[in-house]
Amino acid sequence: RPMQIFSRVALVRCQRQIYTSGLFARKAGRGQDQALDVFGQLQALLDQTGSDLRHMAKATYYVCDDDSARGMDRVRLWRYDQDRPPAASKCMVHGVGRAGRTLTMDIIAVGKP
């Protein structure tokens with residue numbers, strides 16, 4: 001079966017929801033390097049809030065160029081459980097609001113049962 005980096009739908013049966021916004025790499029760099037840094041930050045936030053990457057419901061990715069889009073896709077393949085990827089959207093944008101950065105993401109997750 002093909003590798004999964006997103007799903008078309010996520011059903012949430014949980015009272016506790018976790019929202020993140022505007023996660024940026026701490027320094028400028030190639031798309032994959034930025035994505036690795038952002039996913040590291042995301043993992044730390046989810047750990048602090050009682051969740052993990054398996055309990056993400058929705059992800060929205062904003063990328064400025066093909067390098068960022070490819071880097072984000074590669075990291076998603078490495079980090080996501082192929083049986084539980086979040087519903088996701090990826091948008092090509094002119095900028096992400098921080099100098100030298102070419103990607104950002106917003107996430108909705110739920111707490112672990």
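Residues numbered from 1 in each chain as written. Predicted model: local features only at pLDDT ≥ 70, side-chain atom pairs only at ≥ 80, totals over all residues. Heavy atoms only, no water.

### Describing the pattern of salt bridges
Here comes step 1: Scanning all chains against the criterion turns up 5 salt bridges.
Here comes step 2: Between D37 and R26 there is a salt bridge, with the nearest N and O atoms lying 2.5 Å from each other. Of the two residues, D37 sits in helix α1 (residues 31-48) while R26 sits in the loop between β1 (17-23) and α1, which places them 11 residues apart along the sequence.
Here comes step 3: Its relative accessible area of 18% is what places D37 among the buried residues.
Here comes step 4: Residues D73 and K90 are paired through a salt bridge, measuring 2.9 Å at the closest nitrogen-oxygen approach. You can see D73 sitting in helix α2 (residues 66-79) and its partner K90 sitting in strand β3 (residues 87-92), a full 17 residues away along the chain.
Here comes step 5: Using a relative accessible area of 24% as the deciding quantity, one classes D73 as partly exposed.
Here comes step 6: We classify K90 as partly exposed; its relative accessible area is 36%.
Here comes step 7: When salt bridges that share partners are traced, they join D73, R76 and K90 into one network. (Salt bridge = Lys/Arg side-chain N within 4 Å of Asp/Glu carboxyl O. Helix = DSSP H or I, 4+ residues; strand = E, 2+ residues; numbered from the N terminus. Buried < 20%, exposed > 50% of the residue type's maximum accessible area, 1.4 Å probe, protein only.)

### Topic: the sheet that holds strand β4 (residues 103-110)
Here comes step 1: Across the sheet, 4 strands lie side by side as β1-β4-β2-β3; this open sheet has mixed pairing. The outermost strands of the open sheet, each flanked by one partner alone, are β1 and β3. Taken over all neighbouring pairs, the strand axes of this sheet differ in orientation by 5° on average, direction set aside.
Here comes step 2: Sheet topology note: the strand β2 (residues 56-63)/β4 ladder contains 7 bridges and is antiparallel. (Pairing = 2+ DSSP bridges. Axes fitted to C-alpha atoms, helices over the stretch in contact; angles between N-to-C directions.)

### Here we look at α1
Here comes step 1: Helix length check: α1 (18 residues) gives 26 Å between terminal C-alpha atoms against 26 Å at 1.5 Å per residue, within 8%.
Here comes step 2: Listed in full, the buried residues belonging to α1 are G31, Q34, A35, D37, V38, F39, Q41, L42, Q43 and L46.
Here comes step 3: Of the surrounding elements, those touching the buried residues of α1 are β1, β2, α2 and β4.
Here comes step 4: Backbone geometry just downstream of α1 places G50 in the positive-phi region, at approximately 80°. (Expected span 1.5 Å × (residues − 1). Contact = heavy atoms within 4.5 Å.)

### Describing the packing of aromatic side chains
Here comes step 1: Inspection of the entire model under this criterion finds 1 aromatic pair.
Here comes step 2: Relative to Y80, the ring of F39 has its centre 5.7 Å away and its plane inclined at 70°; by these criteria the two rings are edge-to-face. Placement of F39 in helix α1 and of Y80 in the loop between α2 and β3 is noted, with a sequence separation of 41 residues between them. We note that F39, like Y80, is buried. (Phe/Tyr/Trp six-rings, centres within 6.5 Å; stacked < 30°, edge-to-face > 60°.)

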